[in-house]
Amino acid sequence: MIRAAPLVLAAAALAALTSALAAPASRPERWWAPGEGRVFPAELDYENETGTLRTMLVGGPMKTKGHPFFAPIGPNGRACVTCHQPADSMSLSAQTAQERWTATNGRDPLFAAGDGSNCPTLPQATRASHSLLLDHGLIRIQRSWPPKDLTGKAITPDFTIETVRDPWGCNTGAKYGPAAASPNVSVYRRPRPISNLKYLLAVGFAYDPKQGMPLPLDPESGRPMSGNLMADGRAGTLNAQMRDAASTHLEFLKNMSARDMARIVYFESRLFSAQIRDRRGGALDAGGAEGGPDKLARSQPGNLGSQGPAPVWSEFAAWEKPDPSLTPEQSAFRQSVARGARSFREKMFLISDSAGINSPIGFGNPVRNSCVFCHNMTQMGNDVAPGQVDLGTTTQPFADPAPHLPLFRITCRRDPHPHYGRVIYTSDPGYALTTGRCADVGKITLQSMRGLAARAPYFSNGSAKDLRAVVDYYDRRYRIGYTEQEKQDLVNLMSAL
Amino acid sequence: MFAVLLAAPAFAAAADTAETVRFITCPIYRDTDAGKKSGCWLADDRAGGRRFDVSRAPSKPDWNFEILVEGRIAADVASHCGGLVLEPVRSSVLPTPCPRHMLPAEGFAGNKFTLPPRNVRPLSEVRKAPEPPFADRTFHLVFDFDKAFIVYQLDDYLLDQAITWIRGVNPTRVVVTGWAATDPAEVSGRTIAEDPAIARTRAELVGEALRRLGVPDEKLELRWKTSAQPVAAEGADGLAEPSRRRVDIEVKL
């Protein structure tokens, strides 16, 4: 994993005339502490395991002093930036959490009892009480139960939920869990990156084909919502998301002011992140390739790769042609990325028993398709349609064993679930916590796919420790039968996004 | 009623030569590979012993459940899957479980995916506004058996046409009538009939869909009825049985 410095230098030298050498001379501090008042530059680069991630702030540098994204507006000393860090592609890696633990002896506001520990009832000074954040990058999300619809009316769920396993005590007892006096359900999820948001907010079509309905309208603006925010789709807009975040992560109970919300939205809408340089391959926007955030900032969001103008990950199409002027290592990397992009689109496998795809939309169960079937938006790899799909990452029997997570038993009261039957075991019911429908149990909203190298572990429950583990999960889940080379190609592709 | 009378001749013309079939069976998936969505769906009619290719159904089978097959034999169309091609064809997933069965390709090519003609265009593509003279008009959405789900690349397309028309003509009223095919029928030795409650569910679903697409509440009127009879509905492609399971959207000027 650690490459000798001379090698890096050699690669950089060979990539002269590329942006590789344009890196800023002094390295910015990795950790952005709430309220520290640094200026957010127009271009911010951070190293990660495979290369360099770049975050661009379109429109130029911004003073963060007093800015509501960076200011600790709640009583717990946290700001939005605590969990949405530039070095981690505006998410938060488990490694960063560990570094904060070590640097502050566990006293960083990141580890606030409310959601930065496995459960607030645990002794807060010990590492074990924060193991989910430290080892898996997970934040506790407490949903009230039953959920409310967009107008605030309580939904009558068509299933019951009981706690089967509760390793941390946040799903049982008088205060916590579905059987508490005011019922709630705690699940544990990865922070989602908040750059490139125009792609997640883009509304390509008027319909959600998975739910078989036109997109729901935002009660605030009356406009259709993309349905691509949050693992369980509970917030349809950045404003709704912010109210949720402010009252939970920041323990800031007053509604945020309209002005603060507008400032945050404006900041978020100008942020674009992507890997810009690879240690072996050099600049990711060289040799005809179009990696990096600049292209993202300039492009129109919301296009289905299959309907043009450009297929998903065609950013790297130019690398399909070998370039004799490169070092063997660089050349091998570029071609591997180009093959990975092709395989992402073209390697077919049988997708089965994944609600949202195999039911009820009518594609059939099973259906033959590739990664791009679900990850279909050009340049971003999220879903153009609202992306609530049950990949099985949180639900048995497809989920990997996760003794560190709670386990719930769901019993469908009316129709059984189309693939799991009447009784379902899950560590995170996902979208069903928002809709109250048993057919939605296990559906998790697809994330964007940029800046992956900076924000391990992956999947909303952090179950894939690295990109190889992501590919291995798919290989097991759908019995794809990838060769070693194909796996490596996909890993290289994803590390270059 | 008016619609039924108008429709009758169109039906007779389309259906007079080719044989239509209606049966219940467990689907078989044939693992052909001609790229995305190219797998085959086969269905054996237990009574007649014939194997049909139902791959062209807008909503395809689930290998874990029985299906109700309704279709017309397209005798002159060669199958890439092995079976008599049904086209048009509908397959409705039923709640009764089936053993999963998957056949290898066995030399069959499968169907290369082409974008179906009924596909909703992205919002960025401007819709062609309807042109006068305007008159009252009825649109139909057609559903799978006992289901109230707006089928992708069929009903969403028809709904898009309806809303484009509604936006263009600015009607005084939109009457949404949900129907359920509740008259019992004998199929594969079983008596089947839709749940009467599905009529209301369908009406409310389409009402909510139209609301989200901008039809104001005060213009919408919801009704639901049972004992549905066949009509000429574009979405049924001339198949009588599926046309009973529908929602009528009557746009009144």
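Residues numbered from 1 in each chain as written. Chains lettered and ligands numbered in written order. Predicted model: local features only at pLDDT ≥ 70, side-chain atom pairs only at ≥ 80, totals over all residues. Heavy atoms only, no water.

As annotated in an unreviewed UniProt entry, chain B carries the name OmpA-like domain-containing protein and comes from Allosphingosinicella deserti.

Participant: Got a minute to help me understand the overall build of chain A in this structure?
Facilitator: A tally of helices and strands in chain A yields 14 helices and 17 strands. Relative to its length of 497 residues, chain A is compact, with a C-alpha radius of gyration of 22 Å against a globular reference of 23 Å. For chain A, the spread of C-alpha atoms along the three principal axes comes to 65 × 50 × 45 Å. For chain A, buried positions account for 60% of its 497 residues. Long-range contacts, defined as pairs at least 24 residues apart, comprise 66% of the intrachain contacts of chain A with a sequence gap of at least 6. Here chain A displays about 19,000 Å² of accessible surface, and carbon together with sulfur accounts for 56% of that area. (Helix = DSSP H or I, 4+ residues; strand = E, 2+ residues; numbered from the N terminus. Rg over C-alpha atoms; globule rule 2.2 N^0.38 Å. Buried < 20%, exposed > 50% of the residue type's maximum accessible area, 1.4 Å probe, protein only. Contact = heavy atoms within 4.5 Å. Areas by Shrake-Rupley, 256 points an atom, 1.4 Å probe, with all protein chains shown as cover.)

Participant: What am I meant to see in the state of the cysteines here?
Facilitator: Covalent bonding between the sulfur atoms of two cysteines is what defines a disulfide. All names here are of chain A. Counting across every chain of the model gives four disulfides over all chains. Residue pairing for Cys119: its cysteine sulfur links by disulfide to Cys170, the two sulfurs lying 2.1 Å apart. Taking the torsion about the sulfur-sulfur bond, which here is approximately 80°, the covalent link between Cys119 and Cys170 counts as right-handed. Taken as a pair, Cys119 in the loop between helix H4 (113-116) and helix H5 (131-136) and Cys170 in the loop between strand S6 (159-165) and strand S7 (184-189) lie far apart in primary sequence, 51 residues in all. Of the two residues, Cys119 and Cys170, both sit in the buried class. The disulfide bridge from Cys412 ends at Cys438, spanning 2.4 Å between sulfur atoms. Between Cys412 and Cys438, the S-S dihedral sits near 100°, and the bridge is therefore right-handed. One end of the pair, Cys412, is in strand S15 (residues 407-412); the other, Cys438, is in the loop between helix H12 (432-435) and strand S17 (444-445), and 26 residues separate them in sequence. Considered together, Cys412 and Cys438 belong to a single accessibility category, that of buried residues. Indicated for chain B is the disulfide connectivity 1-4, 2-3, based on numbering the bonded cysteines in sequence order. By sequence-ordered numbering of the bonded cysteines, chain A has its disulfides arranged as 1-2, 3-4. (Disulfide = S-S within 2.5 Å.)

Participant: In this structure, what is going on with the environment of Leu57(A)? I would like to understand it.
Facilitator: All names here are of chain A. Locating Leu57 in the fold gives a position in strand S3 (residues 51-57). Taking the C-alpha atoms as reference points, Leu57 and Asp294, separated by 237 residues in sequence, lie 10.0 Å from one another. The contact partners of Leu57, leaving out residues within four places of it in the chain, are Phe40, Pro41, Ala42, Met62, Phe267, Arg270 and Leu271.

Participant: So what exactly am I meant to see when it comes to the pattern of salt bridges here?
Facilitator: Two side chains carrying opposite charge are able to pair once their charged atoms lie near each other. What the rule picks out here adds up to 60 salt bridges over all chains. Its salt-bridge partner being Glu208(B), residue Arg212(B) comes within 2.9 Å of it at the nearest N-O pair. Here Arg212(B) and its partner Glu208(B) are both found in helix H3 (residues 197-212), four residues apart, which amounts to about one turn of the helix. Residue classification places Arg212(B) among the partly exposed positions, given a relative accessible area of 24%. Relative accessible area serves as the criterion here: at 27%, Glu208(B) is assigned to the partly exposed category. The salt bridge involving Arg244(B) is made with Glu241(B); its shortest N-O contact spans 2.9 Å. Residue Arg244(B) and its partner Glu241(B) are both found in helix H4 (residues 240-244); the two are separated by three residues, about one turn of the helix. Salt bridges sharing partners connect three or more residues here, namely Arg143(A), Arg189(A), Asp232(A), Arg234(A), Asp244(A) and Asp428(A). (Salt bridge = Lys/Arg side-chain N within 4 Å of Asp/Glu carboxyl O.)

Participant: Help me out: how do you make sense of the interface of chain B and chain A in this one?
Facilitator: Interfaces are often sized by the amount of accessible area the parts lose when they come together. Contacts between chain B and chain A engage 37 residues on the former and 33 residues on the latter. Interface area for chain B against chain A, summed over the two sides, is near 2,800 Å², with a carbon-plus-sulfur share of 62%. Between the two partners, chain B and chain A, sit three salt bridges. A salt bridge links Arg100(B) to Asp353(A); its shortest N-O distance comes to 2.2 Å. Taken together, the links from chain B to chain A amount to 12 residue pairs in polar contact (both at pLDDT 80 or more). Broken down by element, the residue count for the side of chain B that touches chain A peaks at five residues, all from H3(B). Partitioning the side of chain B that touches chain A into residue classes produces 19 nonpolar, five polar and 13 charged. (Buried area = accessible area lost by both parts, 1.4 Å probe. Polar contact = N/O pair within 3.5 Å; in protein donor to acceptor, adjacent residues only side chain to side chain. Nonpolar A, V, L, I, M, F, W, Y, C, P; charged D, E, K, R; others polar.)

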